[in-house]
Amino acid sequence: MKKIFGSAALLPLCFFAGCSAVGGKAMDMSAVYVVTTLLSILMLVGYLTLIRKKEFWLMVLFTSAVIVNIGYLSLAKATTLDGALMANRVSYLGSVFLPLAMLLTIVKVCRLRYIKWLPYLLVCISLFVFFVAASPGYSDIYYKEVYLQNVNGVSVLEKVYGPWHVIYLVFLLAYFAAMVAAILHAAIKKSVPSHIQAVFLAAAVFANLGVWLLEQLVRIDFEFLSVSYIISEIFLLGLYLIIQDGEKLFATPMPEPQAPEIKPTKELIEQQKLFVQGLKTLTPTEKAIYDLYLEGKSTKEILATLNIKENTLKFHNKNLYSKLGVSSRKALIEIAKWL
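Everything numeric here is computed off the predicted structure, so don't read it as measured data.

Draft legend 1. Spatial organisation of the overall build of the protein. On a plain count of helices and strands, the protein comes out with 13 helices and two strands. Looking at the protein as a whole, 44% of its 339 residues qualify as buried. Restricting the contact set of the protein to residue pairs at least 6 apart, pairs at least 24 apart contribute 76%. When the accessible surface of the protein is summed, it comes to about 18600 Å², and 66% of that surface belongs to carbon and sulfur atoms.

Have a look at this one:
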């Protein structure tokens with residue numbers, strides 16, 4: 001059950017390193033950001049070290065987590081408004097790519113298909129949102145006013161939101177909706193590995209949506225999302241280790257049961273002799289057809305390989321079967337097994 005929970009509930013949690021109002025809350029100790037930054041780096045190193053088959057968007061997600069935490073740490077340590085705004089931009093850089101990477105990771109886990117140009121479109125949208133969110137200090141469209149304050153030894157941006165701030169909120173809510181839709185679609189189409197996994201994925205998305213909405217309504221003086229992000233990363237890494245172990249298990253072929261040895265009858269021995277003598281009389285084309293039959297090729301594949309028409313194949317089959325003393329392809333293969 002722990003493995004199921006880890007595989008089902010952890011993916012959406014990673015999204016929330018970027019779902020808070022970046023730079024908007026104070027913490028009691030900036031050391032927490034030091035720890036989360038180091039741990040996010042450790043998680044990235046762990047992913048690169050432990051996971052053999054790398055997934056591009058999962059790599060983006062782990063990297064974005066590092067960028068977000070570096071931004072949080074830099075903001076907490078900032079001594080000037082310009083430095084704080086730059087740290088705020090770094091946090092947003094990771095924040096806009098986290099939901100993108102999370103959505104495409106969920107799509108991958110749920111085994112859903114999408115049009116090839118969709119990631120490029122989402123990247124363009126993320127860059128647009130980033131440039132809007134990074135505009136403070138150059139424009140007042142995102143923050144009308146912004147000030148740097150020190151609360152309990154931690155630098156905090158106090159701001160008045162501008163008219164374009166809603167773009168970021170819509171951006172996040174759209175990704176929430178897309179993730180929920182992906183999970184529901186996968187559950188309905190039964191493309192998700194298990195119904196339990198789909199339920200936990202959906203529950204995690206809704207739970208984190210609730211946390212995010214709560215943070216928009218209530219001022220919380222502790223950035224616990226950085227900590228929860230690290231915890232979810234640990235589970236995410238565990239999920240892919242489970243998937244990796246599962247692929248290794250299924251890739252190991254099970255030994256086939258040995259069929260009881262059957263001694264050939266006198267009639268079969270005579271048929272084999274006729275078969276062997278017939279092999280010596282085959283034309284090059286007939287021999288090629290014979291070899292393809294033994295390889296298990298279909299009629300369509302044989303026609304394509306030899307570049308002949310179906311009527312031509314039927315003609316060669318008639319001669320081939322006659323020379324080998326068989327009446328069908330199945331009989332030909334069965335006799336050939338005894339040689």
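Draft legend 2. Structural view of the confidence of the model for the protein. Across the protein, pLDDT averages 78, with 70% of residues at or above 70. Here helix α1 (residues 2-9) stands out as the least confident element of the protein, with mean pLDDT 39; helix α5 (residues 118-133) is the most confident, with 95. In this model, residues 1-21 is a region of pLDDT below 50 whose contacts with residues beyond four sequence positions or in other chains number 76 contacts.

Draft legend 3. Layout of the pairing of strand β2 (residues 154-161). With eight bridges joining them, strand β1 (residues 143-151) and β2 adopt antiparallel strand pairing. For glutamate 145, the partnering residue across the bridge sits in β2 and is valine 160. Between β1 and β2, which pair antiparallel and follow one another directly, the connecting turn spans two residues, one of which, asparagine 152, has a positive phi of 55°.

Draft legend 4. Geometry of the packing of α5 against helix α6 (residues 165-189). Packing of α5 against α6 leaves a shortest axis separation of 10 Å and a crossing angle of 150°. By the angle class used here, α5 and α6 are roughly antiparallel. Between α5 and α6 the crossing geometry is left-handed. Across from Leu122, Ile125, Ser126, Phe128 and Val129 in α5, the residues of α6 making contact are Ile167, Tyr168, Phe171 and Tyr175. Residue composition of the contact of α5 with α6, by class: eight nonpolar, one polar and no charged.

Draft legend 5. Molecular detail of a nonpolar patch on the surface. A cluster of nonpolar side chains, Ile115, Trp117, Tyr120, Leu121 and Ile125, forms an exposed patch at the surface whose accessible area comes to about 540 Å². Turning to its location among the elements, isoleucine 115 is positioned in the loop between α4 (81-109) and α5. Judged by its relative accessible area of 42%, isoleucine 115 is partly exposed.

Draft legend 6. Highlighting the pattern of salt bridges. The full count for this structure, using the stated rule, is three salt bridges. In this structure, the salt-bridge partner of glutamate 286 is lysine 323, at a minimum N-O distance of 2.9 Å. Here lysine 323 lies in helix α12 (residues 310-324) and glutamate 286 lies in helix α10 (residues 284-294), a separation of 37 residues in the sequence. Taking the relative accessible area as the measure of exposure, glutamate 286 reaches 3% and is therefore buried. With a shortest N-O distance of 2.9 Å, aspartate 291 and lysine 287 are connected by a salt bridge.

Draft legend 7. The packing of aromatic side chains, seen in detail. Inspection of every chain in the model, using the stated rule, returns eleven aromatic pairs. Arranged with centres 5.5 Å apart and planes meeting at 25°, the rings of tyrosine 33 and tyrosine 72 form a pair that is stacked. Note that tyrosine 33 is positioned in helix α2 (residues 31-50) and tyrosine 72 in helix α3 (residues 56-77), a separation of 39 residues in sequence. Note on accessibility: tyrosine 33 and tyrosine 72 belong to one class, buried. Look at phenylalanine 171 and tyrosine 175: their rings are 5.0 Å apart centre to centre, the planes differ by 75°, and that puts the pair in the edge-to-face class.

Draft legend 8. Expanded view of the packing of α2 against α3. The contact between α2 and α3 brings their axes to 9 Å, and the two run at 165°. Between α2 and α3, the interaxial angle falls into the category roughly antiparallel. Between α2 and α3 lies a crossing of left-handed hand. The residues of α3 that touch α2, namely those facing Tyr33, Val34, Thr36, Thr37, Ser40, Ile41, Met43, Leu44, Tyr47 and Leu48, are Leu58, Met59, Phe62, Thr63, Ala65, Val66, Asn69, Ile70, Tyr72, Leu73 and Ala76.

Draft legend 9. Structural context of the environment of valine 60. Mapped onto the fold, valine 60 is located in helix α3. The exposure class assigned to valine 60 is buried, which follows from its relative accessible area of 18%. In this structure, valine 60 is in contact with Phe97 and Ala101, ignoring residues within four places of it in sequence.

Draft legend 10. Main features of unusual backbone geometry. In this structure, asparagine 307 takes a positive phi of about 55° despite not being glycine. Checked against the element boundaries, asparagine 307 lands in the loop between α11 (299-306) and α12.

Draft legend 11. Structural view of the side chain of asparagine 317. Take asparagine 317: it is sitting in helix α12. Residue asparagine 317 is classed as buried on the basis of its relative accessible area of 12%. When near neighbours in sequence (up to four residues on either side) are disregarded, asparagine 317 contacts Ile289 and Tyr293.

What counts and what doesn't
Once a new chain begins, its residue numbering starts again from 1 and follows that chain's sequence as written. pLDDT decides what is reported in this predicted model: residues at 70 or higher carry local features, side-chain atom pairs at 80 or more are listed and counted, and totals for whole chains, interfaces and linings draw on all residues regardless. The side-chain quantities take in all heavy atoms of the structure and omit both hydrogens and water. Strands here mean DSSP runs of E at least two residues long; helices mean DSSP runs of H or I at least four residues long; both are numbered from the N terminus. Think of it in three bands: residues with accessible area under 20% of the maximum for their type are buried, residues over 50% are exposed, and the middle band is partly exposed, with areas taken using a 1.4 Å probe on protein chains only. By definition in these notes, contact holds between two residues if any of their heavy atoms fall within 4.5 Å. The method behind every accessible area is Shrake-Rupley, applied with a 1.4 Å probe, and residues are considered shielded solely by the protein chains displayed. How sure the predictor is of each residue is captured by pLDDT, a score from 0 to 100. By this definition, two strands are paired if DSSP reports at least two bridges between them. Helix axes are fitted only over the stretch in contact, all axes being lines through C-alpha atoms; the angle between N-to-C directions runs from 0 to 180 degrees. What sets the label is the angle itself: under 35 degrees gives roughly parallel, over 145 gives roughly antiparallel, 65 to 115 gives roughly perpendicular, and the rest give oblique. Each crossing gets its handedness from the near helix: less than a right angle anticlockwise from the far helix is left-handed, clockwise is right-handed. Just so you know the grouping, Ala, Val, Leu, Ile, Met, Phe, Trp, Tyr, Cys and Pro go in nonpolar, Asp, Glu, Lys and Arg go in charged, and all remaining residues, Gly too, go in polar. Each patch groups residues whose relative accessible area exceeds 30% and which form no salt bridge, using 9 Å between like charges and 5 Å between nonpolar side chains of Val, Leu, Ile, Met, Phe, Trp and Tyr. What makes a salt bridge here is a side-chain nitrogen of Lys or Arg within 4 Å of a carboxyl oxygen of Asp or Glu, nothing more. Pairing of aromatic rings covers Phe, Tyr and Trp, the last through its six-membered ring, and needs centres within 6.5 Å; plane angles under 30 degrees mean stacked, over 60 mean edge-to-face, and all others mean tilted.

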